[in-house]
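The lines below spell out each chain.
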Amino acid sequence: MAQNEAPVELTAEEDHRRMLDLLGLEALRPGRNGMDPEAENYANYDEATSNPYPDLPPLMITENGEPVTGPQMWEETRRPELVGIFSEEIYGHAPAVTPSVTWEVVAEREETVAGVPAIVRDYVGRVDNSAYPAIEVNIDMTLTLPAEAEGPVPAIVSFIFRFPANWEAPAGWEPPSPSATERILSRGWAHAELVPTTVQADNGAGLTKGIIGLVNKGQPRDADDWGALRAWAWGASRVLDEFEGMKEIDETRVAIEGLSRYGKAALVTMAYDERFAAGFSGSSGEAGASLYRRDNGEVLENVASSGEYHWMGGNFLKYAADPLGWDDLPIDAHSLIALSAPRPLFVGTGKSEEGDAWVDPVGIFMATKAASPAWELYGAGSIHDVDFPGEKVEVGEGAIVFRQQEGGHSNHLNWESFLDFAKREWADE
Ligand code: GCU
(Lines give C-alpha, C1' and ligand atoms only; values in the text may rest on other atoms or scores of the structure.)
Protein backbone atom coordinates (compact mmCIF):
# COMPACT_ATOMS: atom_id res chain seq x y z
CA MET A 1 0.00 0.00 0.00
CA ALA A 2 1.39 3.34 -0.94
CA GLN A 3 2.25 5.32 2.15
CA ASN A 4 0.78 8.51 0.81
CA GLU A 5 -2.37 7.08 -0.71
CA ALA A 6 -5.50 8.61 0.84
CA PRO A 7 -7.78 6.33 2.89
CA VAL A 8 -10.58 4.62 0.96
CA GLU A 9 -13.84 6.57 1.27
CA LEU A 10 -17.00 4.50 1.65
CA THR A 11 -20.35 5.25 3.20
CA ALA A 12 -21.47 2.91 5.98
CA GLU A 13 -23.98 1.35 3.57
CA GLU A 14 -21.29 0.78 0.94
CA ASP A 15 -18.87 -0.74 3.42
CA HIS A 16 -21.61 -2.91 4.92
CA ARG A 17 -22.53 -4.20 1.46
CA ARG A 18 -18.84 -4.82 0.73
CA MET A 19 -18.57 -6.90 3.91
CA LEU A 20 -21.65 -8.95 2.97
CA ASP A 21 -20.06 -9.65 -0.43
CA LEU A 22 -16.81 -10.66 1.24
CA LEU A 23 -18.76 -13.12 3.37
CA GLY A 24 -20.79 -14.39 0.42
CA LEU A 25 -24.03 -13.21 1.97
CA GLU A 26 -26.84 -11.90 -0.14
CA ALA A 27 -28.89 -10.13 2.49
CA LEU A 28 -29.40 -9.95 6.23
CA ARG A 29 -32.62 -10.41 8.11
CA PRO A 30 -33.97 -7.04 9.27
CA GLY A 31 -33.79 -5.99 12.90
CA ARG A 32 -36.60 -4.89 15.17
CA ASN A 33 -38.20 -1.50 15.33
CA GLY A 34 -37.72 -0.02 18.78
CA MET A 35 -39.69 3.15 18.20
CA ASP A 36 -43.06 2.47 16.64
CA PRO A 37 -45.43 0.09 18.47
CA GLU A 38 -47.59 -0.05 15.33
CA ALA A 39 -44.74 -1.36 13.19
CA GLU A 40 -44.98 -4.96 12.07
CA ASN A 41 -41.47 -5.71 13.31
CA TYR A 42 -41.89 -3.83 16.59
CA ALA A 43 -39.62 -5.21 19.32
CA ASN A 44 -41.02 -7.96 21.50
CA TYR A 45 -41.50 -7.12 25.17
CA ASP A 46 -43.67 -10.07 26.15
CA GLU A 47 -41.74 -12.16 28.66
CA ALA A 48 -43.81 -15.23 27.79
CA THR A 49 -42.37 -15.32 24.27
CA SER A 50 -38.91 -13.96 25.03
CA ASN A 51 -37.05 -17.25 25.32
CA PRO A 52 -37.20 -19.12 22.01
CA TYR A 53 -33.79 -20.72 22.78
CA PRO A 54 -33.65 -21.27 26.53
CA ASP A 55 -30.50 -23.42 26.45
CA LEU A 56 -27.26 -21.47 26.47
CA PRO A 57 -23.96 -22.83 25.13
CA PRO A 58 -22.19 -24.40 28.10
CA LEU A 59 -19.77 -22.11 29.87
CA MET A 60 -17.86 -24.67 31.87
CA ILE A 61 -17.26 -27.40 29.29
CA THR A 62 -14.18 -27.26 27.10
CA GLU A 63 -14.27 -27.83 23.37
CA ASN A 64 -13.07 -31.37 24.08
CA GLY A 65 -16.13 -31.95 26.21
CA GLU A 66 -14.35 -31.85 29.55
CA PRO A 67 -15.91 -30.10 32.53
CA VAL A 68 -13.90 -27.19 33.91
CA THR A 69 -13.03 -28.14 37.45
CA GLY A 70 -10.91 -25.28 38.71
CA PRO A 71 -9.23 -21.94 38.06
CA GLN A 72 -6.25 -23.48 36.32
CA MET A 73 -8.37 -25.22 33.72
CA TRP A 74 -10.37 -22.06 33.24
CA GLU A 75 -7.26 -19.95 32.76
CA GLU A 76 -5.30 -22.37 30.62
CA THR A 77 -8.03 -23.91 28.50
CA ARG A 78 -11.56 -22.62 28.65
CA ARG A 79 -10.94 -18.90 28.95
CA PRO A 80 -8.55 -18.82 25.96
CA GLU A 81 -11.06 -20.87 23.94
CA LEU A 82 -13.79 -18.32 24.62
CA VAL A 83 -11.50 -15.37 23.94
CA GLY A 84 -10.61 -17.00 20.62
CA ILE A 85 -14.26 -17.40 19.66
CA PHE A 86 -15.04 -13.79 20.55
CA SER A 87 -12.17 -12.63 18.36
CA GLU A 88 -12.97 -14.85 15.41
CA GLU A 89 -16.76 -14.64 15.38
CA ILE A 90 -17.94 -11.62 17.35
CA TYR A 91 -15.69 -8.61 17.92
CA GLY A 92 -12.82 -9.32 15.51
CA HIS A 93 -9.09 -9.73 16.08
CA ALA A 94 -7.00 -6.80 17.23
CA PRO A 95 -3.68 -6.65 15.35
CA ALA A 96 -0.83 -8.44 17.11
CA VAL A 97 1.20 -5.26 16.99
CA THR A 98 -0.33 -1.80 17.20
CA PRO A 99 1.42 1.57 16.97
CA SER A 100 2.64 3.18 20.14
CA VAL A 101 0.82 6.04 21.87
CA THR A 102 2.58 9.03 23.37
CA TRP A 103 0.51 10.86 25.96
CA GLU A 104 0.99 14.58 26.27
CA VAL A 105 -0.57 16.93 28.83
CA VAL A 106 -2.03 19.78 26.78
CA ALA A 107 -3.67 21.69 29.66
CA GLU A 108 -3.63 21.55 33.42
CA ARG A 109 -5.73 23.45 35.96
CA GLU A 110 -6.63 23.45 39.63
CA GLU A 111 -10.27 23.02 40.49
CA THR A 112 -12.44 22.13 43.44
CA VAL A 113 -14.57 19.09 42.66
CA ALA A 114 -17.27 18.20 45.18
CA GLY A 115 -15.31 20.19 47.75
CA VAL A 116 -12.11 18.28 47.01
CA PRO A 117 -9.06 20.17 45.73
CA ALA A 118 -8.27 18.60 42.39
CA ILE A 119 -5.88 18.76 39.48
CA VAL A 120 -7.50 18.42 36.10
CA ARG A 121 -5.32 17.47 33.17
CA ASP A 122 -6.29 17.29 29.51
CA TYR A 123 -4.25 14.71 27.66
CA VAL A 124 -3.82 13.92 24.02
CA GLY A 125 -2.58 10.44 23.17
CA ARG A 126 -0.73 10.74 19.86
CA VAL A 127 -0.67 7.48 17.97
CA ASP A 128 2.49 6.82 15.95
CA ASN A 129 1.42 7.13 12.33
CA SER A 130 4.83 6.97 10.70
CA ALA A 131 3.77 3.83 8.81
CA TYR A 132 0.83 5.68 7.27
CA PRO A 133 0.92 9.46 7.77
CA ALA A 134 -2.34 9.99 5.87
CA ILE A 135 -4.24 9.13 9.06
CA GLU A 136 -3.78 10.87 12.39
CA VAL A 137 -5.20 9.48 15.59
CA ASN A 138 -5.15 11.79 18.62
CA ILE A 139 -6.92 10.37 21.64
CA ASP A 140 -8.64 12.78 24.03
CA MET A 141 -8.65 11.99 27.72
CA THR A 142 -9.20 14.17 30.79
CA LEU A 143 -7.85 13.07 34.13
CA THR A 144 -9.10 14.50 37.42
CA LEU A 145 -6.85 13.71 40.38
CA PRO A 146 -7.33 14.50 44.06
CA ALA A 147 -4.62 17.11 44.71
CA GLU A 148 -3.92 16.23 48.32
CA ALA A 149 -3.75 12.45 48.13
CA GLU A 150 -1.06 10.91 50.30
CA GLY A 151 -0.10 8.15 47.91
CA PRO A 152 -1.24 6.45 44.74
CA VAL A 153 -5.05 6.29 44.47
CA PRO A 154 -7.44 3.95 42.66
CA ALA A 155 -8.85 5.28 39.39
CA ILE A 156 -11.94 4.79 37.26
CA VAL A 157 -11.65 5.12 33.49
CA SER A 158 -14.95 6.11 31.86
CA PHE A 159 -15.81 5.90 28.21
CA ILE A 160 -17.71 9.16 27.71
CA PHE A 161 -20.10 10.48 25.13
CA ARG A 162 -18.89 13.84 23.89
CA PHE A 163 -21.55 16.12 22.52
CA PRO A 164 -20.75 17.97 19.30
CA ALA A 165 -19.66 21.59 19.77
CA ASN A 166 -22.96 22.91 18.38
CA TRP A 167 -25.07 20.56 20.53
CA GLU A 168 -27.97 22.19 22.33
CA ALA A 169 -29.43 20.50 25.36
CA PRO A 170 -33.11 19.57 24.89
CA ALA A 171 -35.45 21.76 26.96
CA GLY A 172 -35.51 20.62 30.55
CA TRP A 173 -32.40 18.45 30.25
CA GLU A 174 -29.91 18.84 33.03
CA PRO A 175 -26.61 17.08 33.47
CA PRO A 176 -26.82 14.38 36.14
CA SER A 177 -25.82 15.69 39.54
CA PRO A 178 -23.59 14.82 41.24
CA SER A 179 -21.49 13.98 38.22
CA ALA A 180 -19.47 10.79 38.06
CA THR A 181 -16.30 12.84 38.58
CA GLU A 182 -17.75 14.45 41.71
CA ARG A 183 -18.77 11.09 43.12
CA ILE A 184 -15.38 9.54 42.43
CA LEU A 185 -13.38 12.49 43.77
CA SER A 186 -15.49 12.46 46.96
CA ARG A 187 -14.08 8.99 47.53
CA GLY A 188 -10.55 10.23 47.13
CA TRP A 189 -10.09 8.44 43.83
CA ALA A 190 -9.13 9.65 40.35
CA HIS A 191 -11.38 9.81 37.29
CA ALA A 192 -10.27 9.52 33.68
CA GLU A 193 -12.72 10.42 30.94
CA LEU A 194 -11.75 8.89 27.63
CA VAL A 195 -13.45 9.99 24.41
CA PRO A 196 -13.76 6.73 22.45
CA THR A 197 -14.68 8.43 19.19
CA THR A 198 -11.20 9.97 19.09
CA VAL A 199 -9.83 6.39 18.94
CA GLN A 200 -12.35 5.13 16.41
CA ALA A 201 -15.41 6.84 14.91
CA ASP A 202 -18.80 5.47 15.88
CA ASN A 203 -19.89 4.66 12.33
CA GLY A 204 -19.12 2.38 9.42
CA ALA A 205 -17.79 5.16 7.19
CA GLY A 206 -15.00 5.70 9.71
CA LEU A 207 -13.61 2.17 9.53
CA THR A 208 -10.93 3.14 7.01
CA LYS A 209 -9.76 5.80 9.47
CA GLY A 210 -9.14 5.93 13.22
CA ILE A 211 -6.92 3.26 14.76
CA ILE A 212 -8.53 0.53 12.61
CA GLY A 213 -7.90 2.47 9.40
CA LEU A 214 -4.40 3.47 10.49
CA VAL A 215 -3.34 -0.13 11.03
CA ASN A 216 -4.97 -1.11 7.70
CA LYS A 217 -3.30 1.83 5.93
CA GLY A 218 -6.62 3.29 4.88
CA GLN A 219 -8.00 0.08 3.39
CA PRO A 220 -11.36 -1.48 4.39
CA ARG A 221 -11.52 -4.32 6.89
CA ASP A 222 -11.13 -8.04 6.37
CA ALA A 223 -13.91 -10.21 7.77
CA ASP A 224 -11.95 -11.05 10.89
CA ASP A 225 -10.55 -7.58 11.62
CA TRP A 226 -11.50 -5.76 14.79
CA GLY A 227 -14.51 -3.49 15.10
CA ALA A 228 -15.06 -0.31 17.09
CA LEU A 229 -15.74 -2.05 20.42
CA ARG A 230 -12.31 -3.63 20.42
CA ALA A 231 -10.75 -0.42 19.18
CA TRP A 232 -12.33 1.52 22.05
CA ALA A 233 -11.12 -1.15 24.48
CA TRP A 234 -7.64 -0.80 22.97
CA GLY A 235 -7.82 2.93 23.74
CA ALA A 236 -8.68 2.19 27.38
CA SER A 237 -5.69 -0.14 27.59
CA ARG A 238 -3.43 2.64 26.36
CA VAL A 239 -4.74 4.87 29.18
CA LEU A 240 -3.84 2.12 31.65
CA ASP A 241 -0.34 1.89 30.13
CA GLU A 242 0.12 5.55 30.96
CA PHE A 243 -1.20 5.06 34.50
CA GLU A 244 1.35 2.32 35.06
CA GLY A 245 4.06 4.92 34.93
CA MET A 246 2.33 7.53 37.13
CA LYS A 247 3.05 7.93 40.81
CA GLU A 248 -0.40 9.42 41.52
CA ILE A 249 -2.32 6.28 40.46
CA ASP A 250 -2.42 2.80 41.90
CA GLU A 251 -2.35 0.80 38.67
CA THR A 252 -3.49 -2.36 40.46
CA ARG A 253 -6.84 -0.71 41.18
CA VAL A 254 -8.10 0.76 37.93
CA ALA A 255 -11.69 0.14 36.83
CA ILE A 256 -13.39 0.62 33.48
CA GLU A 257 -16.91 2.07 33.19
CA GLY A 258 -19.35 2.71 30.37
CA LEU A 259 -23.01 2.98 29.44
CA SER A 260 -24.86 1.39 26.56
CA ARG A 261 -22.51 0.99 23.57
CA TYR A 262 -19.75 1.94 25.98
CA GLY A 263 -21.14 -0.56 28.48
CA LYS A 264 -20.48 -3.15 25.78
CA ALA A 265 -16.99 -1.67 25.36
CA ALA A 266 -16.40 -1.91 29.12
CA LEU A 267 -17.12 -5.66 29.03
CA VAL A 268 -14.86 -6.10 26.01
CA THR A 269 -12.11 -4.16 27.82
CA MET A 270 -12.40 -6.42 30.86
CA ALA A 271 -12.33 -9.50 28.64
CA TYR A 272 -9.22 -8.54 26.70
CA ASP A 273 -7.15 -6.68 29.27
CA GLU A 274 -6.82 -8.51 32.54
CA ARG A 275 -4.93 -5.62 34.10
CA PHE A 276 -8.25 -3.82 34.63
CA ALA A 277 -9.11 -4.58 38.23
CA ALA A 278 -12.89 -3.94 38.11
CA GLY A 279 -15.67 -3.18 35.67
CA PHE A 280 -18.94 -1.24 35.69
CA SER A 281 -21.04 -1.98 32.63
CA GLY A 282 -24.41 -0.21 32.47
CA SER A 283 -27.37 -0.89 30.17
CA SER A 284 -25.10 -2.59 27.66
CA GLY A 285 -27.85 -4.54 25.88
CA GLU A 286 -27.38 -6.54 22.69
CA ALA A 287 -23.73 -7.42 21.93
CA GLY A 288 -23.02 -6.56 25.56
CA ALA A 289 -24.50 -8.30 28.59
CA SER A 290 -27.90 -9.13 27.12
CA LEU A 291 -28.52 -12.64 25.78
CA TYR A 292 -28.53 -12.98 21.98
CA ARG A 293 -30.86 -15.95 22.35
CA ARG A 294 -33.59 -13.80 23.93
CA ASP A 295 -36.25 -12.21 21.81
CA ASN A 296 -36.73 -9.05 23.84
CA GLY A 297 -35.91 -5.48 22.85
CA GLU A 298 -32.97 -5.13 20.51
CA VAL A 299 -31.93 -8.25 18.58
CA LEU A 300 -28.81 -9.50 16.82
CA GLU A 301 -30.04 -8.28 13.43
CA ASN A 302 -30.10 -4.68 14.66
CA VAL A 303 -26.44 -4.91 15.62
CA ALA A 304 -25.63 -6.49 12.24
CA SER A 305 -27.29 -3.65 10.33
CA SER A 306 -25.38 -0.84 8.63
CA GLY A 307 -25.99 1.48 11.60
CA GLU A 308 -24.24 -0.73 14.18
CA TYR A 309 -22.15 -3.44 12.43
CA HIS A 310 -19.03 -1.31 12.79
CA TRP A 311 -18.96 -2.20 16.51
CA MET A 312 -18.33 -5.83 15.58
CA GLY A 313 -16.01 -7.99 13.50
CA GLY A 314 -17.35 -8.74 10.01
CA ASN A 315 -17.83 -12.46 10.71
CA PHE A 316 -20.56 -11.60 13.20
CA LEU A 317 -22.84 -10.67 10.29
CA LYS A 318 -23.10 -14.35 9.26
CA TYR A 319 -25.42 -14.97 12.18
CA ALA A 320 -27.93 -12.47 10.80
CA ALA A 321 -28.22 -14.29 7.45
CA ASP A 322 -29.98 -17.56 6.73
CA PRO A 323 -29.28 -20.35 7.35
CA LEU A 324 -27.52 -19.20 10.55
CA GLY A 325 -29.37 -17.68 13.46
CA TRP A 326 -29.09 -16.76 17.13
CA ASP A 327 -28.90 -20.35 18.30
CA ASP A 328 -25.89 -21.05 16.07
CA LEU A 329 -23.68 -18.67 18.03
CA PRO A 330 -21.01 -20.70 19.83
CA ILE A 331 -21.16 -18.29 22.76
CA ASP A 332 -23.72 -16.02 24.38
CA ALA A 333 -23.51 -12.94 26.58
CA HIS A 334 -22.83 -15.02 29.69
CA SER A 335 -19.59 -16.17 28.04
CA LEU A 336 -18.47 -12.55 27.61
CA ILE A 337 -19.38 -11.57 31.17
CA ALA A 338 -17.49 -14.58 32.54
CA LEU A 339 -14.26 -13.28 30.99
CA SER A 340 -14.15 -10.64 33.74
CA ALA A 341 -13.89 -13.31 36.45
CA PRO A 342 -12.66 -13.41 39.13
CA ARG A 343 -12.27 -9.61 39.10
CA PRO A 344 -15.09 -7.45 40.51
CA LEU A 345 -17.79 -6.76 37.92
CA PHE A 346 -20.90 -4.64 38.46
CA VAL A 347 -23.57 -5.22 35.82
CA GLY A 348 -26.22 -2.51 35.80
CA THR A 349 -29.39 -1.69 33.92
CA GLY A 350 -32.18 0.83 34.12
CA LYS A 351 -35.90 0.17 34.25
CA SER A 352 -37.95 -0.85 31.23
CA GLU A 353 -40.82 1.45 32.26
CA GLU A 354 -38.41 4.38 32.44
CA GLY A 355 -37.05 3.89 28.93
CA ASP A 356 -34.53 1.07 29.25
CA ALA A 357 -36.62 -1.74 27.74
CA TRP A 358 -34.54 -1.88 24.52
CA VAL A 359 -31.53 -3.29 26.46
CA ASP A 360 -33.61 -6.17 27.90
CA PRO A 361 -32.87 -5.83 31.63
CA VAL A 362 -34.15 -9.35 32.34
CA GLY A 363 -31.86 -10.80 29.65
CA ILE A 364 -28.92 -8.96 31.21
CA PHE A 365 -29.76 -10.41 34.60
CA MET A 366 -30.07 -13.93 33.17
CA ALA A 367 -26.70 -13.66 31.44
CA THR A 368 -25.01 -12.32 34.58
CA LYS A 369 -26.40 -15.16 36.64
CA ALA A 370 -25.36 -17.71 34.02
CA ALA A 371 -21.83 -16.23 34.06
CA SER A 372 -21.43 -16.45 37.81
CA PRO A 373 -19.99 -20.02 37.86
CA ALA A 374 -16.77 -18.39 36.63
CA TRP A 375 -16.55 -16.48 39.94
CA GLU A 376 -17.64 -19.57 41.87
CA LEU A 377 -14.60 -21.43 40.52
CA TYR A 378 -12.47 -19.04 42.54
CA GLY A 379 -14.80 -18.77 45.51
CA ALA A 380 -14.93 -15.10 44.53
CA GLY A 381 -18.68 -14.61 44.24
CA SER A 382 -21.95 -15.98 43.00
CA ILE A 383 -25.50 -15.20 41.99
CA HIS A 384 -27.69 -18.18 42.66
CA ASP A 385 -31.18 -19.02 43.74
CA VAL A 386 -32.52 -15.61 42.78
CA ASP A 387 -34.91 -14.59 40.10
CA PHE A 388 -34.94 -11.17 38.53
CA PRO A 389 -34.79 -8.99 41.63
CA GLY A 390 -36.50 -5.85 40.33
CA GLU A 391 -35.34 -2.34 40.95
CA LYS A 392 -32.87 -1.11 43.55
CA VAL A 393 -31.92 -4.54 44.79
CA GLU A 394 -28.29 -5.44 44.35
CA VAL A 395 -27.92 -9.18 43.99
CA GLY A 396 -24.80 -11.29 44.14
CA GLU A 397 -22.37 -12.02 46.89
CA GLY A 398 -18.79 -11.11 46.27
CA ALA A 399 -17.22 -9.94 43.07
CA ILE A 400 -20.13 -10.38 40.65
CA VAL A 401 -23.27 -8.31 41.18
CA PHE A 402 -26.29 -7.15 39.22
CA ARG A 403 -28.35 -4.06 39.98
CA GLN A 404 -31.27 -2.43 38.19
CA GLN A 405 -31.57 1.22 39.14
CA GLU A 406 -34.91 2.98 39.25
CA GLY A 407 -34.31 5.34 36.31
CA GLY A 408 -33.87 4.92 32.58
CA HIS A 409 -30.95 4.53 30.20
CA SER A 410 -28.20 5.92 32.40
CA ASN A 411 -25.58 4.86 34.94
CA HIS A 412 -26.35 7.83 37.16
CA LEU A 413 -28.42 6.03 39.80
CA ASN A 414 -26.05 3.05 39.97
CA TRP A 415 -22.84 5.01 40.55
CA GLU A 416 -22.88 5.03 44.36
CA SER A 417 -23.66 1.32 44.46
CA PHE A 418 -20.81 0.62 42.10
CA LEU A 419 -18.38 2.74 44.11
CA ASP A 420 -19.43 1.03 47.36
CA PHE A 421 -18.94 -2.32 45.63
CA ALA A 422 -15.49 -1.41 44.30
CA LYS A 423 -14.43 -0.04 47.68
CA ARG A 424 -15.51 -3.25 49.36
CA GLU A 425 -13.93 -5.54 46.77
CA TRP A 426 -10.72 -3.53 46.65
CA ALA A 427 -10.70 -3.30 50.42
CA ASP A 428 -9.98 0.43 50.15
CA GLU A 429 -10.28 1.78 53.66
C1 GCU B 1 -28.87 2.11 20.29
C2 GCU B 1 -28.36 0.70 20.04
C3 GCU B 1 -27.90 0.02 21.32
C4 GCU B 1 -26.91 0.92 22.04
C5 GCU B 1 -27.53 2.26 22.25
C6 GCU B 1 -26.62 3.29 22.92
O7 GCU B 1 -30.05 2.05 21.03
O8 GCU B 1 -29.36 -0.05 19.40
O9 GCU B 1 -27.31 -1.23 21.04
O10 GCU B 1 -26.49 0.33 23.21
O11 GCU B 1 -27.90 2.82 21.02
O12 GCU B 1 -25.41 3.18 22.86
O13 GCU B 1 -27.16 4.25 23.46
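A quick note: this is a predicted structure, and the numbers were derived from the prediction, not measured.

Student: Describe the pairing of strand S1 (residues 101-113), and please don't skip the residues or the numbers.
Tutor: Strand residues, when the strand is regular, have side chains that alternate between the two faces of the sheet. As judged from the 12 bridges shared by S1 and strand S2 (residues 116-127), these two strands associate in the antiparallel manner. For Glu-108, the partnering residue across the bridge sits in S2 and is Arg-121. The antiparallel hairpin formed by S1 and S2 contains two residues in its connecting segment, where Ala-114 sits at a positive phi of about 50°.

Student: Give me the site of the ligand: which residues, what numbers.
Tutor: Taken together, the residues surrounding the ligand are Ser-260, Arg-261, Lys-264, Glu-298, Glu-308, Trp-311, Trp-358 and His-409. Arg-261 places a polar side-chain atom, nitrogen or oxygen, 2.5 Å from an oxygen atom of the ligand. In isolation the ligand offers 320 Å² of accessible surface; the protein chains occlude 81% of this area. A breakdown of the residues in the shell around the ligand according to their chemical character gives two nonpolar, two polar and four charged.

Student: Break down the nonpolar core for me, citing the residues and quoting the values.
Tutor: One finds Trp-74, Leu-143, Phe-243, Tyr-292 and Met-312 to be the most contacted residues of the largest nonpolar core, which totals 103 residues. Contact partners of Trp-74, with chain neighbours within four places excluded, come to Leu-59, Met-60, Val-68, Arg-79, Pro-80, Leu-82, Ala-338, Leu-339, Ala-341, Ala-374, Leu-377 and Tyr-378. Ranked by size, the runner-up nonpolar core spans 16 residues in total, among them Ile-156, Phe-418, Phe-421 and Ala-422.

Student: Just give me the short version of the packing of aromatic side chains, but keep the residues and values in it.
Tutor: In the structure shown here, the tally under the stated rule is 23 aromatic pairs. Judged by centre distance (5.9 Å) and plane angle (70°), the rings of Tyr-42 and Tyr-45 are edge-to-face. A residue is classified by how much of its surface remains accessible, and Tyr-42, at 28% relative accessible area, is partly exposed. Between Phe-280 and Phe-346 the ring centres are 5.2 Å apart and the planes differ by 80°, which places this aromatic pair in the edge-to-face class.

Student: Could you give me a rundown of a nonpolar patch on the surface, with the residues and numbers involved?
Tutor: Taken together, Phe-163, Trp-167 and Trp-173 make up a surface patch of nonpolar side chains, about 310 Å² in accessible area. Among the structural elements, Phe-163 can be located in the loop between strand S4 (153-159) and helix H3 (180-186). Exposure remark for Phe-163: the relative accessible area of 43% places this residue in the partly exposed category.

Student: I'd love a proper account of the packing of helix H2 (residues 71-91) against helix H6 (residues 261-272), names of residues and values included.
Tutor: At a minimum axis separation of 11 Å, H2 and H6 run at an interaxial angle of 135°. Taken together, the axes of H2 and H6 are oblique relative to one another. Crossing handedness for the pair H2 and H6: left-handed. Where H2 approaches H6, its residues Arg-79, Val-83, Phe-86, Ser-87 and Tyr-91 are matched on the opposing element by Val-268, Met-270, Ala-271 and Tyr-272. Looking at the contact of H2 with H6, its residues break down into seven nonpolar, one polar and one charged.

Student: Describe the sheet that holds S1, naming the residues involved and giving the relevant values.
Tutor: Read across the sheet, nine strands follow the order S1-S2-S3-S5-S4-S6-S7-S8-S11 without closing on themselves; strand pairing throughout is mixed. Every other strand in the sheet has two partners, leaving S1 and strand S11 (400-404) as the edge strands with one partner each. Direction aside, the axes of adjacent strands within the sheet are offset by 15° on average. Note that strand S7 (residues 278-282) and strand S8 (residues 345-349) share four bridges and pair parallel. Along S8, the bridge assignment pairs Phe-280 with Phe-346. On top of the sheet, helix H5 (residues 228-244) reaches S1, S2, strand S3 (138-146), S4, strand S5 (190-194) and strand S6 (249-259); it is set at about 155° to S6, its chief contact. Each of S4, S6, S7 and S8 touches H6; the most contacted strand, S6, lies at about 145° to it.

Student: So what's going on with the pairing of S5? Residues and values would help.
Tutor: Burial analysis of S5 places four of its five residues in the buried class, which makes it a mostly covered element. Here S3 runs beside S5; their pairing, made up of four bridges, is antiparallel. Pairing of Thr-142 across the sheet is with Glu-193, part of S5. Inspection of the sheet shows S4 paired to S5 by five bridges, in the parallel sense.

What counts as what
- Residues numbered from 1 in each chain as written.
- Predicted model: local features only at pLDDT ≥ 70, side-chain atom pairs only at ≥ 80, totals over all residues.
- Heavy atoms only, no water.
- Pairing = 2+ DSSP bridges.
- Helix = DSSP H or I, 4+ residues; strand = E, 2+ residues; numbered from the N terminus.
- Near = heavy atom within 4 Å.
- Polar contact = N/O pair within 3.5 Å; in protein donor to acceptor, adjacent residues only side chain to side chain.
- Areas by Shrake-Rupley, 256 points an atom, 1.4 Å probe, with all protein chains shown as cover.
- Nonpolar A, V, L, I, M, F, W, Y, C, P; charged D, E, K, R; others polar.
- Core = buried A, V, L, I, M, F, W, Y, C linked by side-chain atoms within 4.5 Å.
- Buried < 20%, exposed > 50% of the residue type's maximum accessible area, 1.4 Å probe, protein only.
- Contact = heavy atoms within 4.5 Å.
- Phe/Tyr/Trp six-rings, centres within 6.5 Å; stacked < 30°, edge-to-face > 60°.
- Patch = residues over 30% accessible without salt bridge, like charges linked within 9 Å, V, L, I, M, F, W, Y side chains within 5 Å.
- Salt bridge = Lys/Arg side-chain N within 4 Å of Asp/Glu carboxyl O.
- Axes fitted to C-alpha atoms, helices over the stretch in contact; angles between N-to-C directions.
- Parallel < 35°, antiparallel > 145°, perpendicular 65-115°, else oblique.
- Left-handed = near helix turned anticlockwise from the far one by under 90°.

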